[in-house]
Amino acid sequence: MSPSATASKAGLREARFPWMTVLLCLGCLVCSVLFAVLEPHQQRVVIEAVGANPSRLSELLAGVATSGWSVLFLSLFFHSSWLHLVGNLVYLWVFGLPVEGKTGPLGLAGVFFAGGALAHLVLGLQLPGFDGFVIGASGAVSAVVGACAGLFPTRRIGLFLPLGLVVESVQLPTLLVVGSWFLLQLLYALVDPTFGAMAWWTHLAGFVLGLVFALLARAVAAATAGRRRSWVSRD
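Criteria and thresholds
- Residues numbered from 1 in each chain as written.
- Predicted model: local features only at pLDDT ≥ 70, side-chain atom pairs only at ≥ 80, totals over all residues.
- Heavy atoms only, no water.
- Helix = DSSP H or I, 4+ residues; strand = E, 2+ residues; numbered from the N terminus.
- Buried < 20%, exposed > 50% of the residue type's maximum accessible area, 1.4 Å probe, protein only.
- Areas by Shrake-Rupley, 256 points an atom, 1.4 Å probe, with all protein chains shown as cover.
- Core = buried A, V, L, I, M, F, W, Y, C linked by side-chain atoms within 4.5 Å.
- Contact = heavy atoms within 4.5 Å.
- Phe/Tyr/Trp six-rings, centres within 6.5 Å; stacked < 30°, edge-to-face > 60°.
- Salt bridge = Lys/Arg side-chain N within 4 Å of Asp/Glu carboxyl O.

A word on the overall build of the protein
Here is step 1: For the protein, the count of helices and strands is 9 helices and 2 strands.
Here is step 2: Going from the N terminus to the C terminus, the protein shows its helices and strands as α-α-α-α-α-α-α-β-β-α-α.
Here is step 3: Among the 235 residues that make up the protein, the fraction classed as buried is 43%.
Here is step 4: Here the protein displays about 12200 Å² of accessible surface, and carbon together with sulfur accounts for 69% of that area.

A few points about the nonpolar core
Here is step 1: The biggest cluster of nonpolar side chains holds 39 residues, and the ones touching the most others in it are Phe95, Phe112 and Val144.
Here is step 2: Contributions of two or more residues to this core are made by helix H2 (19–36), helix H3 (40–50), helix H6 (82–126), helix H7 (138–151), helix H8 (174–191) and helix H9 (193–234).
Here is step 3: If one sorts the elements of this core by residue count, H6 sits on top with 11 residues.
Here is step 4: Non-local contacts of valine 144, meaning those with residues more than four positions away in its chain, are made with Leu92, Phe95, Gly96, Val99, Leu108, Val111 and Phe112.

Details of the packing of aromatic side chains
Here is step 1: Applying the stated rule across the entire model yields 7 aromatic pairs.
Here is step 2: Judged by centre distance (6.0 Å) and plane angle (55 degrees), the ring pair of phenylalanine 77 and phenylalanine 113 falls under tilted. One end of the pair, phenylalanine 77, is in the loop between helix H5 (71–74) and H6; the other, phenylalanine 113, is in helix H6, and 36 residues separate them in sequence.
Here is step 3: When the centroid spacing of 6.1 Å and the interplanar angle of 5 degrees are considered together, the rings of tyrosine 91 and phenylalanine 95 count as stacked. With tyrosine 91 and phenylalanine 95 both in helix H6, this residue pair falls 4 residues apart, about one helical turn.
Here is step 4: According to the relative accessible area criterion, tyrosine 91 is buried, its value standing at 9%.

A few points about the pattern of salt bridges
Here is step 1: In the structure shown here, the tally under the stated rule is 2 salt bridges.
Here is step 2: Close ionic contact of arginine 44 with glutamate 48 constitutes a salt bridge, the shortest N to O distance being 3.0 Å. A residue pair is termed a helical-turn pair when its members lie 3 or 4 positions apart in one helix, as arginine 44 and glutamate 48 do in helix H3 at 4 residues.
Here is step 3: Classification of arginine 44 by relative accessible area gives partly exposed; the value is 45%.
Here is step 4: Its salt-bridge partner being arginine 56, residue glutamate 59 comes within 3.8 Å of it at the nearest N-O pair. Residue glutamate 59 and its partner arginine 56 are both found in helix H4 (residues 54–62); the two are separated by 3 residues, about one turn of the helix.
Here is step 5: What makes arginine 56 partly exposed here is its relative accessible area of 35%.

Geometry only, nothing functional implied.
Now the structure itself:
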């Protein structure tokens, strides 16, 4: 599944190369591949260095600890399984393109990192006694999905879908594709009732952050356009 002519459908002012989407996808891919080729004991060292530890995060939130905030962002680029990585890359690519086209590279980066950080912080609040380590960009990608839903609720996203031996190009409503993301999160919760239910709420936190960002961006854009029309009418 990949986007087709998404940018041209998004009402963008000009065509721009989506370098932030590409960089984020490459960052996740490269870090996860390098992680996968390590020996198990080396992987453990990496996870302990960059993984988000809920117990440690709860201490940071409580002010007991003061260092270690960097894992909120470093942990986003490492994934423990290929399924986890591919799922995140697909949704980041599909939804990242229109979000970056509308808000620019810094807007996409802000949503991605803020959503990922918030998801990990929610994890620290939910499981303050959990001493394991969490890696992956699911919370960050959830924020990008939420931002796209808020920015383009009535638009269609172009996708290439494998239908048997043929790959067809289809245009699907944004909210329908977002619904597939929600279904995937629900399946995670059903497969692993303990950790999946916890992940559901952290991903939902990222989604809500992205949605709020999009609604605020639209409100600011509408207010700015209104002021411009007012100035033109005065002239």
